[in-house]
2 protein chains.
Amino acid sequence: MKSLLVIAHGSRRQASNDEVRELTARIAHKTGQSFDIVQSAFLELAEPSIPGGIELCVKQGAKEVVVLPYFLSAGRHVAEDIPNEVAATRDKYPEVKITIAPYLGSIDTIADLMVAHAAQA
Amino acid sequence: MKSLLVIAHGSRRQASNDEVRELTARIAHKTGQSFDIVQSAFLELAEPSIPGGIELCVKQGAKEVVVLPYFLSAGRHVAEDIPNEVAATRDKYPEVKITIAPYLGSIDTIADLMVAHAAQA
């Protein structure tokens, strides 16, 4: 079983965290056969944490977890904090393949998305 | 003259701030006739600040500034901090029309982008 774990920063505003959870539900609805489990987790300020999110995936039977940072730029959270959290969890589940996908902002099409969005503003 | 001001969070990692500046340059290259000026600014930790970015646009002759929050979710930065910074600057330039576009994460197609990205992971 393959799992997608969407990692967001987390906020003191619950509406913001719920927004990420709703997005994750929409992604789950759209991924079709690619992922058996789609789960969200938060770097800080909201639950589940990254280790908690990975654990949820593993408990549901995931043998592979793809961690996708829902971040726009490679600040310290993307460059250091997320890899550190994931590395600590890898030791706990040596039988599970845990990989980190490039963060969302690294996608080439982000510029096009911004241009299209700005044109409507 | 119409200006687009891309607002990112800002990072202690200079590479992250430079990434935003490079994205802004790519956007400028693609916006064509829609915007005469495309500038980036940062909420914190990098320059120019939001008031500084608006000032740069106004000094180049902008009569209209569209502020586009380069953020994925509506945490306090999007809900409170950016509007507060913009409001303070509006008083300084009453002759300039300054509007705030919806933040990037509010776009419907974000879920599709995540699905496409995850499928390649």
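This text goes with the structure placed above it.
Residues numbered from 1 in each chain as written. Chains lettered and ligands numbered in written order. Predicted model: local features only at pLDDT ≥ 70, side-chain atom pairs only at ≥ 80, totals over all residues. Heavy atoms only, no water.

(A) The arrangement of the pairing of strand β2 (residues 37–42) of chain A in detail. Residues and elements named next belong to chain A. Where burial is concerned, most of β2 is hidden: six out of the six residues are buried. Across the two faces of β2 the burial is the same, with I37, Q39 and A41 and V38, S40 and F42 all buried. Here six bridges tie strand β1 (residues 2–8) to β2, and the two strands are oriented parallel to one another. Its bridge partner being in β2, L4 is matched across the sheet by V38. (Buried < 20%, exposed > 50% of the residue type's maximum accessible area, 1.4 Å probe, protein only. Helix = DSSP H or I, 4+ residues; strand = E, 2+ residues; numbered from the N terminus. Pairing = 2+ DSSP bridges.)

(B) Local environment of the pattern of salt bridges. One pass over the full model with this rule turns up eight salt bridges over all chains. As a salt-bridge pair, D112 of chain A and K30 of chain B come within 2.7 Å of each other at their nearest N and O atoms. Residue D112 of chain A is found in helix α4 (residues 110–119), and its partner K30 of chain B is found in helix α1 (residues 14–30); the two belong to separate chains. Relative accessible area serves as the criterion here: at 37%, D112 of chain A is assigned to the partly exposed category. Put simply, E55 of chain B and K59 of chain B hold a salt bridge, and the shortest N to O gap is 3.3 Å. Of this pair, E55 of chain B and K59 of chain B are both found in helix α2 (residues 50–59), four residues apart, which corresponds to roughly one turn of the helix. Look at E55 of chain B and you get partly exposed, because its relative accessible area is 28%. (Salt bridge = Lys/Arg side-chain N within 4 Å of Asp/Glu carboxyl O.)

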